Amino acid sequence: MSAEIIQSRREWLLSDRPASRMQARLGRAYVAWRRFSANRLAVLGLLIIIALLVLAAFADVLAPYSPTVGDLKNARLLPPGAAHWFGTDDLGRDIYSRIVYGSRWTLYVVILVAVIAAPIGLLVGTVAGYAGGWTDAVLMRITDIFLAFPKLVLALAFVAALGPGIENAVLAIAITSWPPYARIARAETLTVRNSDFIKAVQLMGASPFRIVLRHIMPLCISSLIIRVTLDMAGIILTAAGLGFLGLGAQPPLPEWGAMIASGRRFILDQWWVAAAPGAAILIVSLGFNLLGDGLRDALDPRSGDQ
């Protein structure tokens, strides 16, 4: 009986003639999940990100020691062992605990950058693509100016002007991250600007602001989500680079880039001090890349149901 119920629900989700908008939306979501789950590497990336979220949410429970207070007398530069799984640093602090708490700062950076940069890029790109003319030319030339500089170099310049700190690092990374999103949004807008449904909305008297906000922006969101997910790894590396140079999170915050910077002095003898946070950056960046690839395949409307 349960198999029959599952089969009937599957048929209801995959119906060619949905009876309601809710059924159509659930059907599209089900098809996208089937495409996504068929990619094992994408599922692996999703599991890595879920593990990161769990570490950040339950850091107080999962970390056995304080991330900022160490035992300088008895626990300085201890190798990995039963008491300290990833060893300790030069101040006697447990590296595993610092990595667990550092996951919060990593999520803090990537979420804030995405929340700031993606809407800016979406707004600039859709306005430029729909308005055209001199508006498009001005906005795209500004975008080209930002794209002409390497992201890390431009972020370094902004942080140097704003001053070191995690908030200024987030702002600097966000300022340098929006141009690719604007390009994608503009390209999507150009493909639908002269569509029949846009013409129909115009004939109904809708203002350009309403057309862009209610009809064009929603069509760009799926492509933007994919690009943001793929850019998460670059955001993490940029934040770690700023932290490594002392321009991001300041001591004693357990930020992974700053941890690598403090461990580079002991890289030959006490390799675990820098290797553990470096491995954390590698794994999380890989997870976001795999997740982004899976989302790109799942949300691509040109992909057939597999």
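Source: prediction; values computed, not measured.

Definitions and limits used
- Residues numbered from 1 in each chain as written.
- Predicted model: local features only at pLDDT ≥ 70, side-chain atom pairs only at ≥ 80, totals over all residues.
- Heavy atoms only, no water.
- Helix = DSSP H or I, 4+ residues; strand = E, 2+ residues; numbered from the N terminus.
- Buried < 20%, exposed > 50% of the residue type's maximum accessible area, 1.4 Å probe, protein only.
- Contact = heavy atoms within 4.5 Å.
- Areas by Shrake-Rupley, 256 points an atom, 1.4 Å probe, with all protein chains shown as cover.
- Lys, Arg positive; Asp, Glu negative; His and termini not counted.
- Charge placed at Lys NZ, Arg CZ, Asp CG, Glu CD.
- Polar contact = N/O pair within 3.5 Å; in protein donor to acceptor, adjacent residues only side chain to side chain.
- UniProt positions renumbered as here; feature names shortened; annotations may be inferred.
- Axes fitted to C-alpha atoms, helices over the stretch in contact; angles between N-to-C directions.
- Parallel < 35°, antiparallel > 145°, perpendicular 65-115°, else oblique.
- Left-handed = near helix turned anticlockwise from the far one by under 90°.
- Nonpolar A, V, L, I, M, F, W, Y, C, P; charged D, E, K, R; others polar.
- Phe/Tyr/Trp six-rings, centres within 6.5 Å; stacked < 30°, edge-to-face > 60°.
- Lys NZ or Arg CZ within 6 Å of the ring centre and 35° of its normal.
- Expected span 1.5 Å × (residues − 1).

Novice: Mind showing me how you'd approach the overall build of the protein chain here?
Specialist: What the protein chain contains, in helices and strands, is twelve helices and zero strands. Ordered by position from N to C terminus, the α and β elements of the protein chain give α-α-α-α-α-α-α-α-α-α-α-α. Scored against the burial criterion, the 306 residues of the protein chain give a buried share of 42%. Across the protein chain, every contact between residues at least 6 apart in sequence was considered, and the portion connecting residues at least 24 apart equals 70%. Carbon together with sulfur atoms contributes 66% to the accessible area of the protein chain, which is approximately 16400 Å² in total. Side-chain charges in the protein chain split into 27 positive and 20 negative, and the spacing between the mean points of these groups amounts to 6 Å.

Novice: Looking at this structure, I do not really get the side chain of Ser97. What am I missing?
Specialist: The topology assignment puts Ser97 in helix H5 (residues 95–131). For Ser97, a relative accessible area of 0% puts it in the buried group. Excluding residues that lie within four positions of it along the chain, Ser97 makes contacts with Ala63, Pro64, Tyr65, Ser66 and Pro67.

Novice: Can you help me understand the environment of Tyr130 in this one?
Specialist: Note on placement: Tyr130 falls in helix H5. The contacts of Tyr130, once residues within four sequence positions are left out, are Thr189, Arg193, Ile198, Gln202, Pro208, Ile211, Val212 and Ile216. Within the local environment of Tyr130, its side chain forms a polar contact with the side chain of Gln202, the two groups lying 2.8 Å apart.

Novice: Sorry, what's going on with unusual backbone geometry here?
Specialist: Residues other than glycine predominantly adopt negative phi, and peptide bonds predominantly adopt the trans conformation. A cis geometry characterises the amide bond from Pro251 onward to Pro252, with omega recorded as 5°. Residue placement: Pro252 occurs in the loop between helix H10 (208–244) and helix H11 (256–263). Positive phi values are uncommon outside glycine, yet Leu77 reaches one of about 55°. Here Leu77 is to be found in the loop between helix H4 (59–62) and H5. Judged by its relative accessible area of 13%, Leu77 is buried.

Novice: Got a minute to help me understand the UniProt feature "transmembrane region" (unreviewed entry) in the protein chain in this structure?
Specialist: Those places that UniProt annotates as "transmembrane region" (unreviewed entry) correspond, in this numbering, to residues 41–63, 105–131, 152–177, 225–250 and 270–292. Across residues 225–250, helical content stands at 77% and strand content at 0%; the span's end C-alpha atoms are separated by 30 Å. Spanning residues 270–292, this segment combines 91% helix with 0% strand, and its end C-alpha atoms are found 35 Å apart.

Novice: Got a minute to help me understand the packing of helix H2 (residues 21–37) against helix H12 (residues 272–299) in this structure?
Specialist: Each pair of packed helices can be summarised by the angle the axes make with each other and by the distance between the axes. Packing of H2 against H12 brings their axes to within 8 Å, and their N-to-C directions diverge by 135°. Regarding the angle of H2 to H12, the classification is oblique. Where H2 crosses over H12, the handedness of that crossing is right-handed. Packed against H2, whose contacting residues are Ala32, Arg35 and Phe36, the element H12 presents Leu291, Gly294, Leu295, Asp297, Ala298 and Leu299 at the interface. Residues belonging to the contact of H2 with H12 are distributed by class as follows: six nonpolar, one polar and two charged.

Novice: Explanation requested: the packing of aromatic side chains in the structure shown.
Specialist: When we look at a pair of aromatic rings, we describe it by the centre distance and by the angle of the planes. The full count for this structure, using the stated rule, is six aromatic pairs. With 5.8 Å between their ring centres and 80° between their planes, Trp271 and Trp272 make a pair best called edge-to-face. Among the residues examined, Trp271 registers a relative accessible area of 48% and is labelled partly exposed. Put simply, the rings of Trp85, Phe86 and Tyr96 touch in pairs and so form one group of aromatic residues. In this arrangement the basic side chain of Arg264 is found over the ring face of Phe244, its NZ or CZ atom lying 5.4 Å from the centre.

Novice: So what exactly am I meant to see when it comes to the UniProt feature "domain: ABC transmembrane type-1" (unreviewed entry) in the protein chain here?
Specialist: As recorded in UniProt, the sites labelled "domain: ABC transmembrane type-1" (unreviewed entry) are residues 107–292. In the segment residues 107–292, helix accounts for 82% and strand for 0%; the C-alpha atoms at its two ends are 16 Å apart.

Novice: Could you clarify how one ought to interpret H10 in this entry?
Specialist: Because an α-helix completes one turn every 3.6 residues, residues spaced three or four positions apart along the sequence face the same direction. Between its terminal C-alpha atoms H10 stretches only 45 Å, short of the 54 Å expected from 37 residues at 1.5 Å a residue. Just downstream of H10, Gly246 is the residue with a positive phi angle, here 85°.

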